[in-house]
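Residue-level structural notes
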Amino acid sequence: MPASRERVPGLPLITALPPDPVTSDDRSRLGCPSCGSSHVAQVLGDNGGVSYVCTACGHSWS
């Protein structure tokens, strides 16, 4: 068994909290600057950064 899965006596187990649900407010904050559509996908950019692409009109930006 890998060491990362072993229980070490005297140390508490650490659990991650579940992520907060995405609300409609969160979804509406990001819109295409070209057409205004909220149908936006997040993609990896050329340099490993984050870019966005509108799935409605094809406009991309970072």
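Our structure is the block above this text.
Each value, and the rule that gives it
- Residues numbered from 1 in each chain as written.
- Predicted model: local features only at pLDDT ≥ 70, side-chain atom pairs only at ≥ 80, totals over all residues.
- Heavy atoms only, no water.
- Helix = DSSP H or I, 4+ residues; strand = E, 2+ residues; numbered from the N terminus.
- Contact = heavy atoms within 4.5 Å.
- Polar contact = N/O pair within 3.5 Å; in protein donor to acceptor, adjacent residues only side chain to side chain.
- Pairing = 2+ DSSP bridges.
- Buried < 20%, exposed > 50% of the residue type's maximum accessible area, 1.4 Å probe, protein only.

Another aspect to go through is the environment of S37. Note that S37 resides in the loop between α1 (24–28) and β1 (40–44). Spatially, the C-alpha atom of S37 lies 6.8 Å from that of A56, the residues being 19 residues apart in sequence. Not counting the four nearest positions on each side in its chain, S37 is found in contact with L30, G31, C32, C54 and A56. Of the polar contacts made by the side chain of S37, one reaches the backbone nitrogen of H39; its length is 3.0 Å.

Here three strands make up an open sheet; going across it, the order is β1-β2-β3 and the pairing antiparallel. The two strands at the open ends of the sheet, each matched to only one other strand, are β1 and β3 (60–61). Note that β1 and strand β2 (residues 50–54) share five bridges and pair antiparallel. Across the sheet, residue A41 finds its bridge partner in β2, namely V53.

Quick look at the environment of V43 now. Looking at the secondary structure, you find V43 in strand β1. The sequence separation of V43 and S62 amounts to 19 residues, and the corresponding C-alpha distance is 9.4 Å.

Moving on to the environment of S38. As for its placement among the helices and strands, S38 is situated in the loop between α1 and β1. Classification of S38 as partly exposed rests on a relative accessible area of 48%. Spatially, the C-alpha atom of S38 lies 7.8 Å from that of C54, the residues being 16 residues apart in sequence. When sequence neighbours within four positions are dropped, the list of residues in contact with S38 reads L30 and G31.

Treat this as a map of the structure, not an account of what it does.
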